[in-house]
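Each chain, written out:
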There are 4 protein chains.
Amino acid sequence: MRFYSDNNATVCPELLAAIRDANAGPTRSYGDDRWTEALGAAFGEFFGTRTTVFPVTTGTAANALALATLVPPYGAVYAHDEAHVLRDECGAPEFFGGGLRLVSLPGDGARIDAATLEHALDAHPPSVHTVQPAAVTITQATELGRVYRPDGIAALAALAHARGLFVHMDGARIANALVTLGCEPADITWRAGVDVLSFGATKNGGLAAEAVVFFRDDLVRDFGLRRKRAGHLLSKSRYAAAQLLAYLADDVWRRNAAHANRGALAIGAACGATLMEPVEANEVFARLGEPAKAQLRALGFEFYDWGASGSGEARFVASWDQDPAEIAAFCAALGALPACRGTKSP
Amino acid sequence: MRFYSDNNATVCPELLAAIRDANAGPTRSYGDDRWTEALGAAFGEFFGTRTTVFPVTTGTAANALALATLVPPYGAVYAHDEAHVLRDECGAPEFFGGGLRLVSLPGDGARIDAATLEHALDAHPPSVHTVQPAAVTITQATELGRVYRPDGIAALAALAHARGLFVHMDGARIANALVTLGCEPADITWRAGVDVLSFGATKNGGLAAEAVVFFRDDLVRDFGLRRKRAGHLLSKSRYAAAQLLAYLADDVWRRNAAHANRGALAIGAACGATLMEPVEANEVFARLGEPAKAQLRALGFEFYDWGASGSGEARFVASWDQDPAEIAAFCAALGALPACRGTKSP
Amino acid sequence: MRFYSDNNATVCPELLAAIRDANAGPTRSYGDDRWTEALGAAFGEFFGTRTTVFPVTTGTAANALALATLVPPYGAVYAHDEAHVLRDECGAPEFFGGGLRLVSLPGDGARIDAATLEHALDAHPPSVHTVQPAAVTITQATELGRVYRPDGIAALAALAHARGLFVHMDGARIANALVTLGCEPADITWRAGVDVLSFGATKNGGLAAEAVVFFRDDLVRDFGLRRKRAGHLLSKSRYAAAQLLAYLADDVWRRNAAHANRGALAIGAACGATLMEPVEANEVFARLGEPAKAQLRALGFEFYDWGASGSGEARFVASWDQDPAEIAAFCAALGALPACRGTKSP
Amino acid sequence: MRFYSDNNATVCPELLAAIRDANAGPTRSYGDDRWTEALGAAFGEFFGTRTTVFPVTTGTAANALALATLVPPYGAVYAHDEAHVLRDECGAPEFFGGGLRLVSLPGDGARIDAATLEHALDAHPPSVHTVQPAAVTITQATELGRVYRPDGIAALAALAHARGLFVHMDGARIANALVTLGCEPADITWRAGVDVLSFGATKNGGLAAEAVVFFRDDLVRDFGLRRKRAGHLLSKSRYAAAQLLAYLADDVWRRNAAHANRGALAIGAACGATLMEPVEANEVFARLGEPAKAQLRALGFEFYDWGASGSGEARFVASWDQDPAEIAAFCAALGALPACRGTKSP
């Protein structure tokens, strides 16, 4: 039973059907097709504002292309120390950005707050000798399964904009965040000051379907050329676009994310005192100890080690397609661990 | 009726079925799945030698990643002046290769012969002041719908290797070339001296399924890191891998390519004296004159302008899924053009 | 006796004195000194227009930084096939430019004419799949010792600007060209449409003193950051600046170049029928045959082989400090060669 | 009176004389001259081991070229948070290194200790998703005017090598460190495990004279091509090389550094309780408070603000050519400040 990653999940039926339906006959390539052309309107409706949308196949590509479009080669991009762009993209932002620099910031729950960014900006005033502060990137939901609330984003974005920085959001799990927050998509994106969004659908039921969503036309700049140059302009763009359209239609995104979040909440509850972070999306972090982890694995549960080697920490991810019986079995196994039966530490 | 590009085609039923079949339940991500792990053996059998295989989603990514792995940033890559890497990838090889240089060479049918490469190498002996000759890349079938024969590749590769250059093949339409040549896949690849191959399936029935095939283990080097860093490591790798496996199995590649080639041969014959290049794959180039082109378009035929503006040249591409009735209609329309009824010029 | 390169020459007394005079006491670093600050006015007076000037230590740095500032990473820069940027900078423009592409053009005397550029631009209309035409770079005097006349530059620049390209001049030997043309510096630079100039002084008496001269303020952009990032912002900038000021003052540039040109003209005349290009600066190209070259070398004359191996071609460069007795000796030796005594071929 | 930076200083007479002496007549360019060719032996004697040496004009170029030669584009270079490469080179290492990443580490006196590096390496085990640990760079003397002792370097280098990392030293002020330590140059470089050194002479009396010194032949790799490609191969290399030869000869480096260090020690003593770091080279850091700083400036003393805006911190640098009377005047002014008269805090 896999609680390793939502990347382990299957493609949801609605998106698979969309691929099949888009396969009816020849069409123009490289995005001059009716599916790709419909993305702007579909995302516009979803976000309640005008958008320019580019499908890509991976979140790493989405993030790196977005940042490279916003930031010059000598630019600094502020990111949380746990951020996927820093930890899990093999330096893609630096590569796409011609050598830009990611500057690591601390923050609770893998979130950056405005004061932290302000402090970092003040500590090193730019000159010809320094990299130039250019953008901040935040992840929603974060790499620790937490969410940014609209006011937190707004405060950070206000500071960033006042200092001449753009605001990028890595929305690899934005659907999970939206389900938790119960707010409008606009509330945690453009309305709060996000300029460009990496919109993820792959983890939540897509095949390889991500999108870069620009909320400001003037920031699109040369994104199209950069995408092509990076090998991320799909000749058969329709199949990615059709997935994204299906994902937004009929609340597929919401149903899938709600299922995953419910699974995580159940697991989080079962972790009891070992829980490291409140569960606000579909990821759970627990400090079980190495023996308990080994015990769970012996029972057939697969999951990701967290923290430094020997830390006893683990990450559990619930997916859109997770079998409720698996969730129940896992919760039972967790509940049987002595560590999880104690009182939750604050 | 579209003769614009084989990128306009649909996904073939066998590959769509493979995607569906791979969707049975959770699996490991990022290529640690049984489909991706089976690629080495499947391509090994196809080529009759040991291979290391990496799926990617676009041919541009395949080419640029392969070249960047083989060539240092100050390296020179020799390519035909019509090559896709030079004309149609927005500088992807330069981007991935950290600023490597593509050096343009002439040659009949968009093919480079050994003497031309030798002349280019001799004209500018390398020193600390120059870029360093590092690789040659050839396209099979070429951008003018021609094929390299095994001995032509072998002669070029022998020279390249003698001069310390690697040999890369852009096999975006390798299936079409194989059908025309009737030879073994090995004959035009590793046995003739190709070191690394961009193996294309997308144009010939895939959804977004290409592969980089290494015929020498020692050249794989850091390809895996470069792919990840470029956002081309798919989290749900199984869907690309499953397509590639289905493509090689049961001769799907051959049936699809044979269909496309037959269409192109019929169109080529109908072009009569206007035909610019012998038809050896699924592309046809004809010098119809602008009025005839306009006439065909008025009849509902879509195709790509070739050559300089006003040259009267056109490119027609037949696809794996082209309706035979469309082919017949197009041949009839071409046959009715006065220009095509004349005697073929040499 | 060295006719190998003007890079073999010494530093002229006026510039050495300027270094010594600038060494009087502490001053601000990184260009905040009175010498560097005086460059704008000095070059402004020299060119008769407002300029922004940045000293650097090499011509390669000047060219690559200028082009990288003008051109995006996916941009195409048109250059003559013999251009230093293409042949002798180990890919510096591609490196500084984040992978930009140099496109090679033919042309008499290593000069590009407007029609050739126009043809190249028309042959490959830009799209999302192509690199984007962005600049043309010309060398004055050219790598074949020829000069562009003001009207030739103006015609080329007018076309370039009409097509949205910037115009860069590699002026490694601009002083030699000015002496030959007898025109104002403005006539072959901004007044003819040059946007940015690499102004060379090193070959003509400097220690390591080049400058990038912007004739349009709006094109300076982020040049200062790019220079620093490339390690070309000198902490002790005053010594480079002081040289440049001395070079422009009291016609040092003109006297030095005139001396070198006179030497080259004498050598060119002595080459007789073997002369390959009219002598218009301080470089001479002759097709002497390999035996004659060996004979000259046996007499102690050092020079550079030109053309392909065994072509019998040679390049002779006269320097600002060339001993007239050496020139006379060399002319005598050339005159004694049978090949040079014949009638000049057209 | 300037205590702003040792970059404000003049060129010392011995090095100016060396430039003049090297100006005797024509010679080969691009390093094929007797001065450049003598560098290997001169540095070899200085360090007591075989070296390969490349002159460059700036420390930023030296650092960035050295790191780019050692580290792949997806490599991580560990550096102290105060390091010049991180704070003062506008991202040069990232640019030269094709997008490599600098990872910031803490440490007393701007020094990295082995345990800190080990902790950082253990915290993020490398995988295909991460940048790959590749090198550590340390500065001698550090950016806080401290020195690494031989055993500290040896411990760090042993760990680095055990983990597959190379060790680079930014020796912009290595002469000042050597004077303080009183050890052999070998003791803090190759003998302690340093693989490649940026050897600085500019701050200590040079015009624009730095060198990259390789202590291992196999690490030189393609440094020569990278230097050329970056515009840092000087055509008139002899003038840089002659300076470096003169700098090593007759203990010029030692006399100059000893003078600067003596100045700094006197200033440091005068700072009394405000001194922030022990003075171990030619830099002094003091927490004077903003009013005291303003007072000193009103008296005509120029210096650099340190720390965050309003921190009251200042940096004073003594140069090789600092007038002893200026030092005395400055010490007197400092001594008159109430803050400096108190007891030194630990």
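Our subject is the structure listed above.
Report follows, based on the coordinates. Predicted, not measured: the structure shown is a model, and the values here were computed from it.

## Remarks on the pattern of salt bridges
The final tally for this structure, using the stated rule, is 100 salt bridges over all chains. For Asp195 of chain A, the salt bridge is made with Arg216 of chain A, and the minimal N-O distance between the two is 3.7 Å. On the criterion of sequence distance, the pair formed by Asp195 of chain A in the loop between helix 9 (174-181) and strand 6 (196-200) and Arg216 of chain A in the loop between strand 7 (210-214) and helix 10 (223-229) is long-range, its members being 21 residues apart. For Asp195 of chain A, a relative accessible area of 3% gives the class buried. Put simply, Glu280 of chain B and Arg146 of chain B hold a salt bridge, and the shortest N to O gap is 3.3 Å. Within this pair, whereas Glu280 of chain B is found in the loop between helix 12 (252-271) and strand 8 (283-287), its partner Arg146 of chain B is found in the loop between strand 4 (132-139) and helix 8 (150-162), the two being separated by 134 residues in sequence. Given a relative accessible area of 9%, Glu280 of chain B falls into the buried group. In the salt-bridge network here, residues are joined through shared partners; they are Asp6, Arg173, Glu283 and Arg315 of chain A.

## So, the relation of the copies chain A and chain B
After a rotation of 180 degrees and a shift along the axis of 0.0 Å, chain A superposes on chain B with an RMSD of 0.0 Å. Such values leave the two copies arranged in the relation of a two-fold axis. Using C-alpha coordinates, one finds that chain A approaches the rotation axis most closely at Ala230 of chain A, a distance of 3.6 Å. Taken as a fraction of all interface residues of chain A, those also at the interface in chain B reach 100%, which identifies the copy contact as same-surface.

## Side note on the packing of aromatic side chains
Within this structure, the stated rule accounts for 86 aromatic pairs over all chains. Seen in terms of ring centroids, Phe285 of chain C and Trp306 of chain C are 4.8 Å apart; in terms of plane orientation they differ by 65 degrees. Their pairing is edge-to-face. Taken together, the positions of Phe285 of chain C in strand 8 (residues 283-287) and Trp306 of chain C in strand 9 (residues 304-306) put the pair 21 residues apart, joining distant regions of the chain. Like Phe285 of chain C, the residue Trp306 of chain C is buried in the burial classification. Taken together, a centroid distance of 5.2 Å and an interplanar angle of 90 degrees make the contact between Phe46 of chain D and Trp253 of chain D edge-to-face. Here Trp253 of chain D lies in helix 12 (residues 252-271) and Phe46 of chain D lies in helix 3 (residues 39-47), a separation of 207 residues in the sequence. Residue Phe46 of chain D is classed as buried on the basis of its relative accessible area, which comes to 14%. Taking relative accessible area as the criterion, Trp253 of chain D reaches 4% and is therefore assigned buried. Ring pairs connect the aromatic residues Phe43, Phe46, Phe47, Phe199, Phe215, Tyr247 and Trp253 of chain A, which therefore count as one cluster. A cation over a ring is seen here: Arg315 of chain D above Tyr304 of chain D, with NZ or CZ 4.8 Å from the ring centre.

## Examining the interface of chain B and chain C
Contacts between chain B and chain C engage 18 residues on the former and 18 residues on the latter. For the chain B and chain C pair, buried surface summed over both sides reaches about 1700 Å², with 47% attributable to carbon and sulfur atoms. Per-residue buried area on chain B facing chain C is highest for Arg87, Cys90 and Arg101 of chain B; these three make up 34% of the total on that side. The interface formed by chain B and chain C contains 2 salt bridges. For the salt bridge of Glu94 of chain B with Arg101 of chain C, the shortest nitrogen-to-oxygen distance reads 2.7 Å.

## Some thoughts on the pairing of strand 2 (residues 75-80) of chain C
Residues and elements named next belong to chain C. Counting buried positions along strand 2 gives 6 out of 6 residues, so the element sits mostly inside the fold. Residues Gly75, Val77 and Ala79 line one face of strand 2 and the alternating positions Ala76, Tyr78 and His80 line the opposite face, and both faces are buried. Looking at chain direction, strand 2 and strand 4 (residues 132-139) are connected through 5 bridges and run parallel. Each residue of the ladder has a partner; that of Ala79, found in strand 4, is Thr137. Note: strand 2 against strand 3 (residues 101-105), 5 bridges, orientation parallel. When the bridges of strand 3 are listed, Val77 appears paired with Leu102.

Here is what the cut-offs are and how they apply
Residues numbered from 1 in each chain as written. Chains lettered and ligands numbered in written order. Predicted model: local features only at pLDDT ≥ 70, side-chain atom pairs only at ≥ 80, totals over all residues. Heavy atoms only, no water. Salt bridge = Lys/Arg side-chain N within 4 Å of Asp/Glu carboxyl O. Helix = DSSP H or I, 4+ residues; strand = E, 2+ residues; numbered from the N terminus. Buried < 20%, exposed > 50% of the residue type's maximum accessible area, 1.4 Å probe, protein only. Least-squares fit on C-alpha atoms with pLDDT ≥ 70 in both. Contact = heavy atoms within 4.5 Å. Phe/Tyr/Trp six-rings, centres within 6.5 Å; stacked < 30°, edge-to-face > 60°. Lys NZ or Arg CZ within 6 Å of the ring centre and 35° of its normal. Buried area = accessible area lost by both parts, 1.4 Å probe. Pairing = 2+ DSSP bridges.

Shape is all these values report; function is a separate question.
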